[in-house]
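Observations on chain architecture
Chain residues, written in single-letter form:
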Amino acid sequence: MSSGQQLKERPRASRPRRGAGGRSGSGGLTPKRIAILSVSVAVLAGGTAFVVRTSVEHSNAPKQVLGPDSFLALDPNAPDPETDILKEQAVQALRKDRLESTRDDRKKGLDPVEIAQKAPGGGGFTPADFPPGSSPDPGSNKALGKQMAEARGWGGEWGCLEKLWDKESHWNERAMNRYSGAYGIPQSLPGSKMASAGSDWQTNPATQIKWGLGYIAGRYKTPCGAWAHSQSTGWY
C-alpha cells in the first residue's frame, strides 16, 4: 500500500464541538458552577430575610417619647449645634430690626428682652404662674448672682458675669427673648433645660443662676470666657 493511500485511509480525529458562544465544551452546568450558584442564592436569600426581619422588628418596637425625665438625663452643657443656630438667627433678626429702625427713624436700640406674664413650659413641663404680687428688689438677683459666683471662685470675674446677664436678661427671671424664645436670667434655650437645676426653674432666680453658672463652667470655663464669646458673636 502506498504512503498516499495510507494517509487517505487514516480516520480523522474528532474535533470538540463548540457551544453557541464559540467556546469549547458542552456549555451546561458543571458541578463547580452549580456550587457557586447555590452559594450565591443562599447569600441573597439570607440577606433579604435579615433586612425584612429587621424592618419588622423596628416597626413593632415601642415608640420612645422624650419626656422630662429623659430630657434631664441629657448633658445640658454638651455642644448643641441646632440651638447655636437658633441663637445666631435671633442675633441676626435683632440686627436687622435695628438697622431698619435707623432707616425709618424709629426708636433706636431695640431691646430683645420682654418680661413674660406667665412662665413658659417646654420639654413636657406645664407653664407656671408667677407668684402673685411678686415685685422683687431690682438689685436682689444681682446680689444673689454675685454671691453664687464668689462661691465658685469667680469673685474676680463678677464684672464679666454682670455685663453678660445685663445684656441677656437684665437679670430678670421672667425675661424672654422675643426672637429666639430663650428664657430666664441666663437665657436658657429652651428654658426647660434649667429643670436640671430645680423644678422651680420657671420662677426661681436662684435656680436659674445655678444652672447658668453651670452652663458657663461647662462650655466657656469662666464668665469672662462667656462674655468674650458673646461680644464676638452676639450670643453665648
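Residues numbered from 1 in each chain as written. Predicted model: local features only at pLDDT ≥ 70, side-chain atom pairs only at ≥ 80, totals over all residues. Heavy atoms only, no water.

**Focus on the overall build of the chain**
Each helix and strand in the chain was counted, giving 8 helices and 2 strands. Reading the secondary structure of the chain in the N-to-C direction produces α-α-α-α-β-α-α-β-α-α. Taking all 236 residues of the chain together, the buried fraction comes to 29%. (Helix = DSSP H or I, 4+ residues; strand = E, 2+ residues; numbered from the N terminus. Buried < 20%, exposed > 50% of the residue type's maximum accessible area, 1.4 Å probe, protein only.)

**Describing the nonpolar core**
In terms of nonpolar packing, the biggest core is built from 28 residues, with Leu161, Leu164, Trp165, Trp171, Ile216 and Tyr236 touching the most fellow members. Listed by contribution, the elements that provide at least two residues to this core are α6 (158-169), α7 (205-220) and α8 (223-233). With 6 residues, α7 is the single largest residue contributor to this core. Residue contacts for Ile216: discarding those within four places in its chain leaves Trp154, Leu161, Leu164, Trp165, Lys221, Thr222, Pro223, Ala226 and Tyr236. (Core = buried A, V, L, I, M, F, W, Y, C linked by side-chain atoms within 4.5 Å. Contact = heavy atoms within 4.5 Å.)

**Observations concerning the confidence of the model for the chain**
A residue-level look at the chain finds 62% of positions with pLDDT of 70 or above and a mean pLDDT of 76. Model confidence for the chain, summarised as mean pLDDT per element, is weakest for helix α3 (residues 68-72) at 47 and strongest for α7 at 96. Between residues 19-25, whose pLDDT stays under 50, and residues either more than four places distant or in other chains, the model counts 6 contacts. Considering only residues more than four positions removed or in separate chains, one finds that residues 68-73, a stretch of pLDDT under 50, has 9 contacts. (pLDDT = per-residue confidence, 0-100.)

**Observations concerning the packing of α6 against α7**
Across the interface, α6 lies against α7 with an axial gap of 13 Å and an inter-helix angle of 115°. The angle between α6 and α7 places the two elements in the roughly perpendicular class. Relative to α7, α6 is oriented so that their crossing is right-handed. Along the contact surface, α6 presents Leu161, Leu164 and Trp165, while α7 presents Ile209, Gly212, Leu213 and Ile216. Class assignment of the residues belonging to the contact of α6 with α7 gives a composition of 6 nonpolar, 1 polar and no charged. (Axes fitted to C-alpha atoms, helices over the stretch in contact; angles between N-to-C directions. Parallel < 35°, antiparallel > 145°, perpendicular 65-115°, else oblique. Left-handed = near helix turned anticlockwise from the far one by under 90°. Nonpolar A, V, L, I, M, F, W, Y, C, P; charged D, E, K, R; others polar.)

**Quick word on the pattern of salt bridges**
Enumeration according to the criterion identifies 4 salt bridges in this entry. Among the salt bridges present, the one from Asp166 reaches Lys142, with a minimum N-O distance of 3.1 Å. Taken together, the residues span a long stretch of sequence, with Asp166 in helix α6 and Lys142 in helix α5 (residues 140-151) at a distance of 24 residues. Several salt bridges converge on common partners, so that one network encompasses Lys142, Glu162 and Asp166. (Salt bridge = Lys/Arg side-chain N within 4 Å of Asp/Glu carboxyl O.)

**Here's the deal with the packing of α5 against α6**
In the contact formed by α5 and α6, the axes pass within 10 Å of each other and the chain directions differ by 140°. Comparing the axis directions of α5 and α6 gives the class oblique. Helix-helix and strand crossings are classified by hand; for α5 and α6 the assignment is right-handed. Together, Lys142, Gly145, Lys146 and Ala149 of α5 and Trp158, Leu161, Glu162 and Asp166 of α6 make up the contact between the two elements.

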